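Listed below are the residues making up each chain.
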There are 2 protein chains.
Amino acid sequence: MTVKHYSLLASLIAFPVVAMAQNQSGNGGFDLMYLIALGSLAALMFAWFLAKKVLKSDAGNERMREISKYIQEGAMAYLRQQYKVVGIFFVVLFLLLGFISWVLPGITGERWLSPFVPVAFITGGFFSGLAGYIGMRIATKANCRTAQAASESLNSGLRVAFNSGTVMGMTVVGLGLLDLAIWYLLLRYVFIVPIHEIPPIMITFGMGASAMALFARLGGGIYTKAADVGADLVGKVEAGIPEDDARNPATIADNVGDNVGDVAGMGADLYESYVGSIVATMALGAVGAYGLGQEEQVIRYIELPALVAVVAVLASILGTFLVRTKEDATQKTLLQALRTGVYSSTALIAFASFFIVWGLLGMEKIGLWASMMVGLVAGNIIGYFTEYYTSDHYKPTRKLVETAATGPATVIIGGIALGMQSTAIPVLTIVIATIGAYFFAGGGLFGLYGVGLAAVGMLSTLGITLATDAYGPVADNAGGIAEMAHLDPEVRRRTDALDSLGNTTAATGKGFAIGSAALTALALLAEYGHKILEALKLDKVHQAEWDTAFVHAEEIGYDTFLVLEEGLYALSINILNPIVLAGLFIGAVLPFVFSSMSMGAVGRAAQAMVEEVRRQFREKPGILVGKETPDYARCVQISTVGAQREMITPSLLAIVTPILVGILLGPAAVVALLAGALVSGFVLAIMMANSGGAWDNAKKYIEAGHMGGKGKDPHKAAVVGDTVGDPFKDTSGPSINILIKLMSMVSIVFVGTTIGLNRLIVELVQKIFGF
Amino acid sequence: MTVKHYSLLASLIAFPVVAMAQNQSGNGGFDLMYLIALGSLAALMFAWFLAKKVLKSDAGNERMREISKYIQEGAMAYLRQQYKVVGIFFVVLFLLLGFISWVLPGITGERWLSPFVPVAFITGGFFSGLAGYIGMRIATKANCRTAQAASESLNSGLRVAFNSGTVMGMTVVGLGLLDLAIWYLLLRYVFIVPIHEIPPIMITFGMGASAMALFARLGGGIYTKAADVGADLVGKVEAGIPEDDARNPATIADNVGDNVGDVAGMGADLYESYVGSIVATMALGAVGAYGLGQEEQVIRYIELPALVAVVAVLASILGTFLVRTKEDATQKTLLQALRTGVYSSTALIAFASFFIVWGLLGMEKIGLWASMMVGLVAGNIIGYFTEYYTSDHYKPTRKLVETAATGPATVIIGGIALGMQSTAIPVLTIVIATIGAYFFAGGGLFGLYGVGLAAVGMLSTLGITLATDAYGPVADNAGGIAEMAHLDPEVRRRTDALDSLGNTTAATGKGFAIGSAALTALALLAEYGHKILEALKLDKVHQAEWDTAFVHAEEIGYDTFLVLEEGLYALSINILNPIVLAGLFIGAVLPFVFSSMSMGAVGRAAQAMVEEVRRQFREKPGILVGKETPDYARCVQISTVGAQREMITPSLLAIVTPILVGILLGPAAVVALLAGALVSGFVLAIMMANSGGAWDNAKKYIEAGHMGGKGKDPHKAAVVGDTVGDPFKDTSGPSINILIKLMSMVSIVFVGTTIGLNRLIVELVQKIFGF
């Protein structure tokens, strides 16, 4: 397709939107947000259609189906257990929120929380969990079918795996839009909430989704790495049996891990990113337009990110049809096929969103489109450099491979140095993107809206990029089944090719996830600043009402000022103030403490698995000679229980810290806390993800026959790197993204509560100490 | 001694000070700053006296003297080469500074830099280098003497080693006070600079000292670890000869490394910390008193930190006399002896400084004494927890030892998790100390002065704590000599005991160094905020001169405000502004990129060493059977050249980044840059130091016979951890402390230059793009 084609197609997609926008006058007329419901249905129906297609394909021979069933059962057992634990957590938090928002106002006479919060919180968690559940359901059914299809051809294997990945991608965006649509329509037409107050309420379901995502990522990450390490250490190293061997009691748990970690965890994670970026942007749009007195424009600023998301769904669906190759496809042509799909969708979205901005807000606001494009480009840059630093096609990982010659210590030093170095470009990219998006959108309040739009732009292609990401674990599982069912080694080679292809696209996907997390967190930070003013009832104070140009907002904390910006008061939080610096310090240390907890959790859970596998080998000597069946379920259960127990403390850290800091040091310190956690967490997350990715690929590169190949000393050194990298890249690293956003959302939701309690404490201190 | 004794002794020390302060009226009368010169002389004379004493003791047999001479020559060769490279750097920067401060004002008509800056910069660098040089000189002469003394008794060995450490400690504080005294007296009585303008000029020699310290730490750190890894990998692992064996060509380089890294590097580093904390505090005192119109008090605020330092010198000298034990001393009684010395000095300083504050500023300002005490206590807390996390007497390292059972990967994961976890308490301690010191000192401008005083308090005991720290490498070297000279194994056991004792006290010392770095950086940050105002000529604008209560300082950057504080305008930099957040992001990533560079440098330099040792073994097969002498000098040279080459780029990063960010994004972004680098660097430095320390001690614990002892698999796994930990704890970690402060000082010194260039760029952009 040429530029002309794209432009034509894009205007066709965008035309109805533009037409309706032109007709729409203020709050009356046709509400464009109905389109979100339609977009959601389109995504979900497409997912349903593809799911049917995947399920119709051949599930292979009896042995394959049996293994797949083990994995399914293990995965479901895990999810049941997880949802039980998480359910308790959600019920407790629901009651707490309910108490604060429904009961407390009757006692204190002050409203600290919107009455919709408890319910919105639950729905966010529910849909996030559902996205992970559906994705995992289809992935565990697609694994044997992919293995079977791969025994026909590489291309058939790709299709089944990619289709199941697409089911996941479409489910995530579909459910995300569904939740948005339901709440928007309910609040607007049933509860008749003023339109500019709708997005802040919707942020609450962002908090629910984030909490769920953190549990899913952490629990899944701990599970999968515990099973992986346990299976490797005892099975491969001690007993000397190959990977994915059916005699290894932990092998089913290992394959289950791919699903609960890389599929269910990732699904919940990206659901949260997607919904979070859209609601944060909507909220900032409402603040900007309403604050500046452009009341009739509010709805259009709210609609913009949602409509871009809807158009992106259609573009993604079209893009998936372009992922096809000839039967004799090579690895390279396969990658090209995937990229054609992604890039076509991207181009379509870029063109179509131009018309949407134009139609909704007119040509003078076209800078907002530029902000969005900045996000899209930044996502691609970060994605590219993620691949550059972790793929064995480039210098950094090749150099890491060389360090294996001098043993594991130099591999570790080299990998950590690589990860640290790889943080520079993403940070610069985010910095330039933030400043660019801010100024393209006109600076000030709309500038922050522009930063949010950049995040929306970056994540708009999620429907298809997630598909290219999520099919990797399916291919991985298919390989495991091929091994355990003793299929032709050629099948394993094909699934390995698919898996390795998946690694490349997953690296790019990780770049998008992490970049969008930073931008979304920035948008949430800005929204939090606004919520502080709102909680202090200073948000609607206009210039004329003040004698002097600023007010020293004692209530907020030391050295905090309200400053005039475009006729509206905004918050200025002085970074040079000790209380603010204190918040910054605490924020910066949190991702480290959090990572320490999650890595420690992997270690402990893995230890339990190691002991269980050793026990089974010891007590049932028939296992190793293939005469006894190992107790797979017991291993699954050990990993499950371990993961559930271990995920609670770090999650509580994320929720309790911002509230506690807010109560003790005030909201100004919380702003700094969030900023500190954002910058240090962003850097740490990239470092851990890229160190881990590079170690993984360095090991695979050596296994492909370099540096003496498998079993030699350099390989052993590389295996050490890979093992260290596992919790880095699959547990701690990705969880940090969620941690940052969850803390922001918690701060936003509890802003009234913390400010109220902080005031009580300040008064108490003043009474006791007299100052 | 009891509390009564301390109090008596302290008032005896403080009495003359108080008496003179009472007599002193304003700027007239006896200038108390002459006392600094006296304090400096006392420290230097005591150092000279001890040095004589060390040199008089028996240097051992011919073989020992010969080995010691090799080490001396290697160390001097290194320092010659280092000072050559650093000399070029200093000359270039001197010319650049000279051009900006002497030539440019004639062209542009604007003064961007004080005319004293170029010379002050050079003296700071010179004295910092000199402190390292003298410390190393005595350490390399004390090593064989310690070995000889240890062959008599453990106690004799301790005395020689501790005396040489004391020479170093006293030299550092003596030279620090000397530089302060010379510049103060010159500026005041020769150049007749107004008294409140003196401290900001003196910060320039802080910059010189920091630059020198960074070179010394980085160069020394790279050297020592390259030699260490090279010696271990080829000698111990490949050739199978024991540690410190004379047949290993890298063994002399390894022993030289202890001196250039742990002695010369640490000396320059702590000189920088010491001087930096004092001048930063003086500057803040001047800003506070002068700004608030208390002109006649300015000198007293400047004198306070200096006088505390002088009293601390006397207290430290007294403390060293208390470090003595009976002849049959055990490890435990030795530690007690050291602690008696340190704690007695600490108590004396605490009592004496109470009288100094009282005498100088009266009872109503006694809160400043509390600020200082907060620093002392915080230093002890951080020091204690550094020991807790890294010593094998406590749970964390014991648990780390257990992870060795499952191989190197779990050791690495466990060590990194331990390091990350260990960051929480130091951060909380610094946070509480900062807030405490700020409020005890009365908040506002004096509050920041209080934070500086906390740093001064923390470092006041440096004379003696550095002694307990610096004797470790001497004992380590003595052990090497004992080994190479084939002395009785009992001697090696004794030096090992001394070395291990040194590890414990060094851990505490590290806690002080890192804690004081954070507090000093905070003080420098505040000073930078003031310098911005000064550069914009807004610093002396009082309330009456303004119509409205604040001014939007467009020149400084977006969203920056001047706010009223105690009648004086201060800077408020809004953390919610995108440009400020951009600075925060860039600051947070710098310590990571910097660490990546320094770790990569160690890797490359070690690689060169490995190849050289292999070459020698290959080309001179007689070496291994003891028939040929290895070419020690060649190994020394390789490490030297490697270290020099590698230290340039990271150092430039520290200097160029704040200037570049200032020019492109303005000074508000630089404030955020410094804050971001401070919080993320502080956390990263603690993590690396403690991970490294714990790995080191875990290995030693296993070598002491646990987990199967030396040579077994757990030991091999622990060795991997130790090797990874080496660059963590001895190269990257400690350099980050200096990086943070150097960046602050560079920002302060170049504030006029960067603001000037930033304005030019902003004007240019406005001309071209019309906005």
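This is a predicted model, so every value here is computed, not measured.

Rules used throughout
- Residues numbered from 1 in each chain as written.
- Chains lettered and ligands numbered in written order.
- Predicted model: local features only at pLDDT ≥ 70, side-chain atom pairs only at ≥ 80, totals over all residues.
- Heavy atoms only, no water.
- Helix = DSSP H or I, 4+ residues; strand = E, 2+ residues; numbered from the N terminus.
- Rg over C-alpha atoms; globule rule 2.2 N^0.38 Å.
- Contact = heavy atoms within 4.5 Å.
- Expected span 1.5 Å × (residues − 1).
- Buried < 20%, exposed > 50% of the residue type's maximum accessible area, 1.4 Å probe, protein only.
- Least-squares fit on C-alpha atoms with pLDDT ≥ 70 in both.
- Axes fitted to C-alpha atoms, helices over the stretch in contact; angles between N-to-C directions.
- Left-handed = near helix turned anticlockwise from the far one by under 90°.
- Nonpolar A, V, L, I, M, F, W, Y, C, P; charged D, E, K, R; others polar.
- Buried area = accessible area lost by both parts, 1.4 Å probe.
- Polar contact = N/O pair within 3.5 Å; in protein donor to acceptor, adjacent residues only side chain to side chain.
- Phe/Tyr/Trp six-rings, centres within 6.5 Å; stacked < 30°, edge-to-face > 60°.
- Lys NZ or Arg CZ within 6 Å of the ring centre and 35° of its normal.
- Core = buried A, V, L, I, M, F, W, Y, C linked by side-chain atoms within 4.5 Å.
- Parallel < 35°, antiparallel > 145°, perpendicular 65-115°, else oblique.
- Salt bridge = Lys/Arg side-chain N within 4 Å of Asp/Glu carboxyl O.
- Bend = angle between axes of the 7 residues up to and from the residue.
- pLDDT = per-residue confidence, 0-100.
- Patch = residues over 30% accessible without salt bridge, like charges linked within 9 Å, V, L, I, M, F, W, Y side chains within 5 Å.
- Areas by Shrake-Rupley, 256 points an atom, 1.4 Å probe, with all protein chains shown as cover.
- Lys, Arg positive; Asp, Glu negative; His and termini not counted.
- Charge placed at Lys NZ, Arg CZ, Asp CG, Glu CD.

## Re the overall build of chain A
Within chain A one finds 21 helices and three strands. For chain A, whose C-alpha radius of gyration is 26 Å, the value lies close to the compact-globule estimate of 28 Å for 771 residues. Along the longest, intermediate and shortest principal axes, the C-alpha atoms of chain A span 85 × 70 × 45 Å. In chain A, once contacts between residues fewer than 6 apart in sequence are set aside, the share between residues at least 24 apart is 81%.

## Brief notes about helix 12 (residues 408-421) of chain A
All names here are of chain A. With 14 residues, helix 12 extends 20 Å between its outermost C-alpha atoms, agreeing within 8% with the 20 Å of an ideal straight helix rising 1.5 Å per residue. Burial within helix 12 is extensive, with 11 of its 14 residues counted as buried. Three or more residues of helix 12 are buried, namely A409, T410, V411, I412, I413, G415, I416, A417, L418, G419 and M420.

## Topic: the relation of the copies chain A and chain B
Note on the copies: chain A fits chain B at an RMSD of 0.0 Å, the axial shift is 0.0 Å, and the rotation between them is 180 degrees. In the structure described here, the two chain copies are related by an operation that fits a two-fold rotation axis. Both copies share a contact surface, since 100% of the interface residues of chain A are interface residues in chain B too.

## Quick notes on the packing of helix 3 (residues 62-108) of chain A against helix 6 (residues 198-239) of chain A
Residues and elements named next belong to chain A. Where helix 3 contacts helix 6, the axes come no closer than 11 Å and their chain directions differ by 150 degrees. Handedness of the helix 3/helix 6 crossing: right-handed. Within the contact between the two elements, helix 3 uses Y78, Q82, Y83, V86, F89, F90 and L97 and helix 6 uses M207, G208, A211, M212, F215, A216, G219, G220 and Y223. Residue composition of the contact of helix 3 with helix 6, grouped by class: 12 nonpolar, four polar and no charged.

## Side note on the interface of chain A and chain B
In this complex, chain A contributes 70 residues to the contact, which on the side of chain B involves 70 residues. Roughly 6300 Å² of surface becomes buried between chain A and chain B when both sides are summed, with 85% attributable to carbon and sulfur atoms. The largest contributions to the chain A side of the interface with chain B come from L576(A), F585(A) and F592(A), which together make up 12% of the buried area. Between chain A and chain B we count six residue pairs in polar contact (both at pLDDT 80 or more) in total. Those elements giving two or more residues to the side of chain A that touches chain B turn out to be helix 12, helix 13 (424-440), helix 16 (489-535), strand 2 (560-565), strand 3 (568-573), helix 17 (578-619), helix 19 (667-703) and helix 20 (713-749) of chain A. Looking at the side of chain A that touches chain B residue by residue, the classes come out as 55 nonpolar, 13 polar and two charged.

## As for the packing of aromatic side chains
The tally for this structure, following the rule as stated, stands at 51 aromatic pairs over all chains. Aromatic side chains F116(B) and F191(B) sit 5.0 Å apart centroid to centroid with 70 degrees between the ring planes, which places their arrangement in the edge-to-face category. Of this pair, F116(B) sits in the loop between helix 3 (62-108) and helix 4 (117-152) while F191(B) sits in the loop between helix 5 (154-190) and helix 6 (198-239), and the two are 75 residues apart along the sequence. With relative accessibility at 17%, the residue F116(B) sits in the buried group. Looking at F191(B), the relative accessible area reads 45%, which means it is partly exposed. Through a chain of ring-to-ring contacts, three or more aromatic side chains come together here, namely Y384(A), F385(A), Y388(A), Y389(A) and Y394(A). Across the ring face of F446(A), the terminal group of K365(A) is positioned such that the distance to the ring centre comes to 4.2 Å.

## Brief notes about unusual backbone geometry
All names here are of chain A. Positioned with a positive phi, I192 is a non-glycine residue whose angle comes to about 50 degrees. Mapped onto the secondary structure, I192 falls in the loop between helix 5 (154-190) and helix 6. Phi angles above zero are rare outside glycine, and M707 is one such case at about 50 degrees. Within the fold, M707 resides in the loop between helix 19 and helix 20.

## Some words on the nonpolar core
Formed by 546 residues in total, the largest nonpolar core has its most connected members in L304(A) and L304(B). The residues touching L304(A), leaving out its near neighbours within four places in the chain, are I356(A), V357(A), L360(A), L361(A), L368(A), M372(A), Y449(A) and L453(A).

## Considering the environment of V451(A)
All names here are of chain A. Relative to the helices and strands, V451 resides in helix 14 (residues 444-459). The spatial distance from the C-alpha of V451 to the C-alpha of T281 is 8.1 Å, given a sequence separation of 170 residues. The contacts of V451, once residues within four sequence positions are left out, are T434, A437, Y438, L519 and L522.

## Notes on the packing of helix 16 (residues 489-535) of chain B against helix 19 (residues 667-703) of chain B
Residue and element names in this part refer to chain B. Interaxial distance between helix 16 and helix 19 falls to 10 Å at its minimum, and their mutual angle equals 175 degrees. Classified by the interaxial angle, the pair formed by helix 16 and helix 19 is roughly antiparallel. Every residue of helix 19 that contacts helix 16 at N503, I514, G515, A518, A521, L522, L525, Y528 and I532 is listed here: P667, V670, V671, L674, A675, L678, F682, A685, I686, N697 and K700. Partitioning the contact of helix 16 with helix 19 into residue classes produces 16 nonpolar, three polar and one charged.

## Some details on the pattern of salt bridges
Per the stated rule, a full pass over the model turns up 44 salt bridges over all chains. Taking the shortest distance from any N to any O, the salt bridge between K225(A) and D726(A) comes out at 3.5 Å. With K225(A) in helix 6 and D726(A) in helix 20, this pair connects stretches of sequence that are 501 residues apart. Here the two residues K225(A) and D726(A) agree in accessibility, since each one is buried. Among the salt bridges present, the one from R217(B) reaches D269(B), with a minimum N-O distance of 2.9 Å. You can see R217(B) sitting in helix 6 and its partner D269(B) sitting in helix 7 (residues 251-291), a full 52 residues away along the chain. Across this residue pair, the class does not change: R217(B) and D269(B) are buried. Here the salt bridges do not stand alone but share partners, grouping K225(A), D228(A), D696(A), K700(A), D726(A), K729(A) and D730(A) into one network.

## A short note on helix 18 (residues 632-665) of chain B
Residue and element names in this part refer to chain B. When the terminal C-alpha atoms of helix 18 are compared, their 50 Å separation across 34 residues agrees well with the 50 Å that a helix rising 1.5 Å per residue should span. Considering bend angle alone, the principal kink of helix 18 is centred on V656 and spans about 30 degrees; proline P658 follows within four residues of it. Where helix 18 ends, the next residue or the one after it, G666, has phi of about 90 degrees, a positive value.

## Describing the environment of R339(A)
Its location among the elements puts R339(A) in helix 9 (residues 331-361). Spatially, the C-alpha atoms of R339(A) and W369(A) are 24 Å apart, while their sequence positions differ by 30 residues.

## Remarks on the side chain of S344(A)
Looking at where S344(A) falls in the secondary structure, it is placed in helix 9. Polar side-chain contacts of S344(A) include one of 2.6 Å to the backbone oxygen of T340(A).

## Structural notes on the confidence of the model for chain A
Interpretation of the predicted coordinates at a detailed level should be avoided for regions scoring low in pLDDT. Residues and elements named next belong to chain A. Mean pLDDT over chain A works out to 86, with 91% of the residues at or above the 70 mark. Summarising per-element confidence for chain A, the mean pLDDT is lowest in strand 1 (residues 551-552) (46) and highest in helix 13 (95). Across residues 542-559, confidence stays below pLDDT 50; counting only partners more than four residues off in sequence or on other chains, it has 44 contacts. Prediction confidence for the complex, expressed as pTM and ipTM, is 0.92 and 0.92 respectively.

## A few points about the side chain of K729(A)
Residues and elements named next belong to chain A. Within the secondary structure, K729 is located in helix 20. Under the relative-accessibility criterion, K729 is labelled buried at 8%. Of note is the side chain of K729, whose polar atom sits 3.2 Å from the side chain of D726.

## Things to note about a positive patch on the surface
Residue and element names in this part refer to chain A. On the surface, K52, K53, K56, R159 and R324 cluster together to form a positively charged patch. Top element by residues in the positive patch is helix 2 (residues 34-56). It accounts for three residues. By the secondary structure assignment, K53 is in helix 2.

## Remarks on the environment of S153(A)
Residues and elements named next belong to chain A. Checked against the element boundaries, S153 lands in the loop between helix 4 (117-152) and helix 5. Relative accessible area serves as the criterion here: at 9%, S153 is assigned to the buried category. As for S153 and L185, which are separated by 32 residues in sequence, their C-alpha atoms are 47 Å apart.

## Looking at a nonpolar patch on the surface
Residue and element names in this part refer to chain A. A cluster of nonpolar side chains, contributed by Y34, I182, L186, Y189, V190 and F191, occupies part of the molecular surface with about 530 Å² of accessible area. When residues in the nonpolar patch are grouped by element, the largest group, four residues, is from helix 5. Locating Y189 in the fold gives a position in helix 5. Assessed through its relative accessible area of 38%, Y189 is described here as partly exposed.

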